[in-house]
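Summary of structural features
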Amino acid sequence: MQVLKFGGTSVANAGNIKKIKNIIHTKATHTRTVVVVSAFAGVTDKLLQCGSLAADGDNKYSTELKKLSAQHLEAVNELMPVSHQSHMQIFVMQQLNQVEDICNGIYLLNEFSAKTRDRLASYGELISSKIISAFFSSEGIANYWVDARSIIKTNSQHTHAIVDFQNSEKLINEFFNNNNDGLIIIPGFIASDEGGHTTTLGRGGSDYTAAILGEALNAANVEIWTDVSGMMTADPRLVSNAKPIKVISYHEAMELSHFGAKVIYPPTLQPLMKKSIPVWIKNTFLPEDSGTLIKSDTVNNGTMIRGISSISQVALLSLEGSGMVGIPGFSKRLFEALAHHDINVILITQASSEHSICVGVEHQSAAKAKEIIDKAFALEIELQKVHPLVIEKDLAILALVGDQMKSHPGISGRMFGILGRNGVNVRAIAQGSSERNISAVINSKDITKALNALHEEFFEPSYKQLNVFIVGTGNVGSKLIAQIAQQQAYLQQNLLLQIRVVALGNSRRMIFNDKGVNLKNWKEALENGEAMDLGEYINQMQQKNLRNSVFVDITASDKVAAVYEQIFIKNVSIVACNKIACSSPYNYYFKLKESARDHNASFFFETNVGASLPIIATLNDFLNSGDTITRIEAVLSGTLNFVFNNYDGKISFAEVVRQAQKEGYTEPDPRLDLSGMDVMRKIMILARESGGKLEMEDITNESFMPSSCMKGSVEDFYNEMKNEEAHFKKLFADAEKEGKKLKFVASYKDGKASVGLKHIAPEHDFYHLYGKDNIVLFYTDRYNDQPMVVKGAGAGAEVTASGVFADIIRTMKA
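Attention in this report is confined to the structure presented alongside it.

Here we take up the pattern of salt bridges. What the rule picks out here adds up to 33 salt bridges. In this structure, the salt-bridge partner of Glu223 is Lys27, at a minimum N-O distance of 3.1 Å. Of the two residues, Glu223 sits in strand β7 (residues 221-226) while Lys27 sits in helix α1 (residues 14-27), which places them 196 residues apart along the sequence. A relative accessible area of 26% means that Lys27 is categorised as partly exposed. Here the residues in one salt-bridge network are Arg414, Glu457 and Lys464, joined through shared partners.

Next comes the structure, spelled out in structure tokens:
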């Protein structure tokens, strides 16, 4: 014996019914088969809608009933030859005439009781099952139709009746013992009470019908045929990488179905579990797919987690007060009050202090629940022993489910660590003693990000996804995009990291693409993008709320630097090539560092000091390992080093500077480099990272540039340098006469910093510094006599972009 159940989408129309005929005909060839069917998709809702319209005094219900009649008659005409149609057409019209009579009564009385709702809703399954039975007969497939109300008995709790298993099992077996047909067709969802009045088993009750029959008949298996190929590791509508679950235990399946997995009606498994009857979830439209097998024992799937489920539109009810502490009965009264008014509790959590208790309910029940609870505890509220019930709305519950979570430490830590790193605030937590389920209540707007982040952590060990928002597509930005495009496949294969550039912006345009901007034609796409609006760019980034988000600033804009704190608040990490934020007043710098820490976001700005050189990383390694920075000496301007390495008095100083700008070594305005301002910013950043509280005005700048060169436009700057060539020649000649070289040096010691042009002797580490290279000497308690030396290219778009790229990758390791 086998039981097959087909849901509403599987019998939605004539085409689908023909599909299930082929499935059933194949399966029923050698095994006695019971087929349970739902109403055509959407019909039950339409029937109840007609009842509600009638109760509201709206006669539009008659129009809706005509549509239902046309829908069913159309199915009859498509499924059966003309010679078989008339008796079914008559049946359909008779049934819908009865529906109209019921609605007319509701309309006159303005009353739509639970008992009447059950009777009205039952017609969907009665009509669909009769049509399918008649269709099979017309196709030469022998079958017997039986009314489920004659063999499944319940109490009189209408709309969600409780099954009388003992009586039902007796009636089911009596029927099947007296009937020898190989194929039985039964309407799902419906039953009857002792008085013969129609009852229903709750929405999704057709699954339950199949389970009741399967348990009573000791079926070899029960198959639930639907429109998906089994249960998934997460809701595929929210998690694009959700995977099918091949095998799952009864307990795991019940937990997942309770917390939002709609593939199977939660009570379905209870009667089957007692007799270890396996359940298959199969796809009517892809019958060859393996589907999901639900059975007693757990199968190791390589992870402790079987699936992640969620329920949206949840409200959290909080009852608290000092009068609850140590007083028995508060919880009992709370749950009794809710149960008495048919309010279902989804989740329960209580503080160990007994000072408060929280329950999760469906959001539409929240207002009613508050009225009930405040009334139940009116005396305690008046005496201020208990506060009035507090409601929090716009929440969702997500749950990790897995039998093998039991006694495996670290699962909760991983779960809440991932949520924290993605800025998902947890409002309440619940875990049963079985350790099969860990549930968390979060804001509804975070549910998609949370599900994807957790799914990535537990089910996608192949890679982690990083969503990058870039502002600044100039020389460095363009190089960065090219490097990302070049390395995407390598990073996914070797670092298990999938980098997606989901937004680009420059001073004129911006574009967004949640699936990743095509980096082959990004320039064209950006040119056709919408007008740049920094506020809207940040707003869209926050609204998208993507997991593992990183904002990358490759501008020199003070406006962009001013929004960092706003970005951190949403737990988005920042990689800054822009020096303005970290060289702004100390209080703002410190505030940003604190904000990043408080919101569990990364803040990396390695390229603020030496392009891709690991200068800040090395400094932080010293401090993190307990060392102390005592002194820093550095050549921090690749531009100035290039200039003084290439200036010999034979070519004008202005020409050498122009060449440095042409090769991309200078700031957009070269005066920032030559004035020493850029070096001042860099040594200040290093001093601050070392623990100093320096401001720009605290740094001594021994500038070598004549003041006349620093006025007017950039072109005026070049012209004035030509006029001051004698000054630059003298600087070079004075150093050469001593056998030394010119280097612009930054120093930090004892809380004081300075920058200026120095004569460097051949034995000094700075002497053999060529091209655009930078060098930093770290003197520490451990590196006292011989400093730690970091040396290499300190300027250039390519190396700077690679430093930004490295910081982006580092955000996933922080």
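Glancing now at the environment of Arg421. With respect to the helices, strands and loops of the structure, Arg421 is situated in helix α13 (residues 411-421). Since its relative accessible area comes to 43%, Arg421 is described here as partly exposed. C-alpha separation for the pair Arg421 and Val572, spaced 151 residues apart in sequence, amounts to 9.0 Å. Arg421 has contacts with Asn571 and Asn600, leaving out every residue within four places of it along the chain.

Turning our eyes to something else, we now look at the environment of Val550. Inspection of the secondary structure assignment puts Val550 in strand β21 (residues 549-553). Considering only alpha carbons, one finds Val550 and Leu108, 442 residues apart in sequence, at a separation of 62 Å. Once you skip the residues sitting within four places of it in the chain, Val550 turns out to touch Leu466, Asn467, Val468, Phe469, Val572, Ser573, Val575 and Thr811.

Of the strand pairs in this sheet, strand β8 (residues 247-249) and strand β10 (residues 292-295) are connected by three bridges, and their pairing is parallel. Counterpart to Val247 in the pairing with β10 is Leu293.

Here the focus is the packing of α1 against helix α3 (residues 61-79). Between α1 and α3, whose axes approach to 9 Å, the crossing angle comes to 50 degrees. Taken together, the axes of α1 and α3 lie oblique to each other. In this structure, α1 meets α3 at a crossing whose hand is right-handed. Seen from α1, the contacting residues are Ala14, Ile17 and Lys18; seen from α3, they are Ala75, Glu78 and Leu79. Residue composition of the contact of α1 with α3, by class: four nonpolar, no polar and two charged.

This part covers the packing of aromatic side chains. Counted by the stated rule, this structure contains 25 aromatic pairs. Each ring, one from Phe175 and one from Phe176, has its centre 5.1 Å from the other, and the planes form 90 degrees; the classification is edge-to-face. For Phe176, a relative accessible area of 4% translates into the label buried. Each ring, one from Phe644 and one from Phe704, has its centre 5.3 Å from the other, and the planes form 65 degrees; the classification is edge-to-face.

Here we take up the sheet that holds strand β4 (residues 183-187). A sheet is described by the order of its strands in space; here eight strands give the open sequence β3-β4-β2-β1-β7-β9-β10-β8, paired in mixed fashion. Because the sheet does not close on itself, it has two edges, and the strands there are β3 (144-145) and β8. Here two bridges tie β3 to β4, and the two strands are oriented parallel to one another. Looking at the pairing, Tyr144 lines up with Ile184 of β4.

Before going further, it helps to examine unusual backbone geometry. With a phi close to 55 degrees, Ser276 is a non-glycine residue in the positive phi region. As for its placement among the helices and strands, Ser276 is situated in the loop between α9 (269-274) and β9 (279-283). Assessed through its relative accessible area of 43%, Ser276 is described here as partly exposed. Even without glycine at this site, Asp342 takes up a positive phi of about 60 degrees. Of the residues examined, Asp342 reaches a relative accessible area of 60% and is grouped as exposed.

With four of its five residues buried, β9 lies for the most part within the structure. Inspection of the sheet shows β7 paired to β9 by five bridges, in the parallel sense. From the neighbouring strand, Ile224 faces β9, where its bridge partner is Ile281. Here three bridges tie β9 to β10, and the two strands are oriented antiparallel to one another. Bridge pairing in β10 places Ile281 opposite Thr292.

Attention now goes to a nonpolar patch on the surface. Taken together, the side chains of Tyr107, Leu108 and Leu109 make up a nonpolar region of the molecular surface, amounting to roughly 340 Å² of accessible area. Judged by relative accessible area, which is 68%, Leu108 ranks as exposed.

Another aspect to go through is the sheet that holds strand β25 (residues 699-702). The strand order across the open sheet formed by six strands is β25-β27-β26-β24-β28-β29, and the pairing between neighbours is mixed. The open sheet is flanked by β25 and β29 (788-793), the only strands paired with a single partner. For this sheet the average axis-to-axis angle between neighbouring strands, irrespective of direction, equals 20 degrees. In this fold helix α26 (residues 677-689) packs onto β24 (629-635), β25, β26 (741-749), β27 (752-760) and β28 (773-780), with an angle of close to 35 degrees to the strand it touches most, β26.

Helix length check: helix α29 (residues 797-810) (14 residues) gives 20 Å between terminal C-alpha atoms against 20 Å at 1.5 Å per residue, within 8%. Residues of α29 that are buried: Ala797, Thr800, Ala801, Gly803, Val804, Phe805, Asp807, Ile808 and Ile809.

What follows is about the packing of helix α2 (residues 43-55) against α3. The angle between the axes and the distance between the axes are what describe a pair of packed helices. In the contact formed by α2 and α3, the axes pass within 9 Å of each other and the chain directions differ by 160 degrees. The angle between α2 and α3 places the two elements in the roughly antiparallel class. Of the two elements, α2 crosses α3, and the hand of that crossing is left-handed. Judged by residue contacts, Val43, Lys46, Leu47, Gln49, Cys50, Leu53 and Ala54 of α2 engage Tyr61, Glu64, Leu65, Leu68, Gln71 and His72 from α3. Here the residues of the contact of α2 with α3 are counted per class, giving eight nonpolar, three polar and two charged.

Rules of the game
Residues numbered from 1 in each chain as written. Predicted model: local features only at pLDDT ≥ 70, side-chain atom pairs only at ≥ 80, totals over all residues. Heavy atoms only, no water. Salt bridge = Lys/Arg side-chain N within 4 Å of Asp/Glu carboxyl O. Helix = DSSP H or I, 4+ residues; strand = E, 2+ residues; numbered from the N terminus. Buried < 20%, exposed > 50% of the residue type's maximum accessible area, 1.4 Å probe, protein only. Contact = heavy atoms within 4.5 Å. Pairing = 2+ DSSP bridges. Axes fitted to C-alpha atoms, helices over the stretch in contact; angles between N-to-C directions. Parallel < 35°, antiparallel > 145°, perpendicular 65-115°, else oblique. Left-handed = near helix turned anticlockwise from the far one by under 90°. Nonpolar A, V, L, I, M, F, W, Y, C, P; charged D, E, K, R; others polar. Phe/Tyr/Trp six-rings, centres within 6.5 Å; stacked < 30°, edge-to-face > 60°. Patch = residues over 30% accessible without salt bridge, like charges linked within 9 Å, V, L, I, M, F, W, Y side chains within 5 Å. Areas by Shrake-Rupley, 256 points an atom, 1.4 Å probe, with all protein chains shown as cover. Expected span 1.5 Å × (residues − 1).

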